[in-house]
Amino acid sequence: VRENYGGSVLKKELLDAYGGNVVLVCSGGRYLMEVRTCVGKSFDGTAFKSVECIPQVQQEGNCGNIIQITKFYSDSSNDESGKKDGEGFERSVDFTKEFL
């Protein structure tokens with residue numbers, strides 16, 4: 001994802017980069033909003049390992065074959081960069097979280 005901020009990527013390439021076991025959710029079928037993973041539980045209820053998502057979750061994947069990965073910008077004066085309001089700067093956002 002990070003290498004394609006502000007650009008586009010083929011859906012197959014993005015799925016392959018995540019090992020194929022994810023659901024991609026896009027705004028308008030084109031702009032990446034979420035990368036969903038499904039995690040199995042062990043007997044004690046803790047996360048165990050990545051598993052194939054159930055069909056209901058898979059059906060929520062709505063991205064087309066070409067996916068745009070949008071850059072986010074911030075003008076917040078509360079930011080640690082030292083920039084003041086109005087001095088917009090680029091901030092990369094990583095959409096992924098590691099669960100295990």
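Notes on the structure follow. Keep in mind the model is a prediction, meaning the values are calculated, not measured.

Parameters and conventions
Residues numbered from 1 in each chain as written. Predicted model: local features only at pLDDT ≥ 70, side-chain atom pairs only at ≥ 80, totals over all residues. Heavy atoms only, no water. Disulfide = S-S within 2.5 Å. Helix = DSSP H or I, 4+ residues; strand = E, 2+ residues; numbered from the N terminus. Buried < 20%, exposed > 50% of the residue type's maximum accessible area, 1.4 Å probe, protein only. Pairing = 2+ DSSP bridges. Core = buried A, V, L, I, M, F, W, Y, C linked by side-chain atoms within 4.5 Å. Contact = heavy atoms within 4.5 Å.

### A few points about the state of the cysteines
Enumeration according to the criterion identifies two disulfides in this entry. Disulfide pairing places cysteine 26 opposite cysteine 63 at an S-S distance of 1.9 Å. Since a negative S-S torsion denotes a left-handed disulfide, the cysteine 26-cysteine 63 link at about 95° is right-handed. One end of the pair, cysteine 26, is in strand 2 (residues 23–27); the other, cysteine 63, is in the loop between helix 2 (55–58) and strand 6 (66–68), and 37 residues separate them in sequence. By the burial criterion, cysteine 26 is buried, and cysteine 63 matches it. Across a sulfur-sulfur distance of 2.0 Å, cysteine 38 and cysteine 53 are joined as a disulfide pair. Handedness here is read from the sign of the S-S torsion; for cysteine 38 and cysteine 53, about 110°, the answer is right-handed.

### Topic: the pairing of strand 5 (residues 47–51)
Inspection of the sheet shows strand 4 (residues 38–41) paired to strand 5 by three bridges, in the antiparallel sense. Bridge pairing links cysteine 38 to valine 51 in strand 5. Counting the residues between successive antiparallel strands, the hairpin from strand 4 to strand 5 contains five residues, one of them, glycine 45, with a positive phi of roughly 90°.

### Some points on the nonpolar core
The nonpolar side chains of a soluble globular protein tend to be buried, and buried together. With twelve residues, the main nonpolar core is built from Val1, Tyr5, Val9, Leu14, Val22, Leu24, Cys26, Leu32, Val35, Cys63, Ile67 and Ile69. Within the residue set of this core, elements represented by two or more residues are strand 2 and strand 3 (31–36). The residues touching leucine 24, leaving out its near neighbours within four places in the chain, are Lys11, Leu14, Leu15, Leu32, Glu34, Val35, Gly61, Asn62, Cys63 and Ile67. Counting residues in each nonpolar core, the second largest holds five residues, with Val23, Val25, Cys38 and Cys53 among its members.

From the geometry alone we can't say anything about function, so treat these as descriptive.
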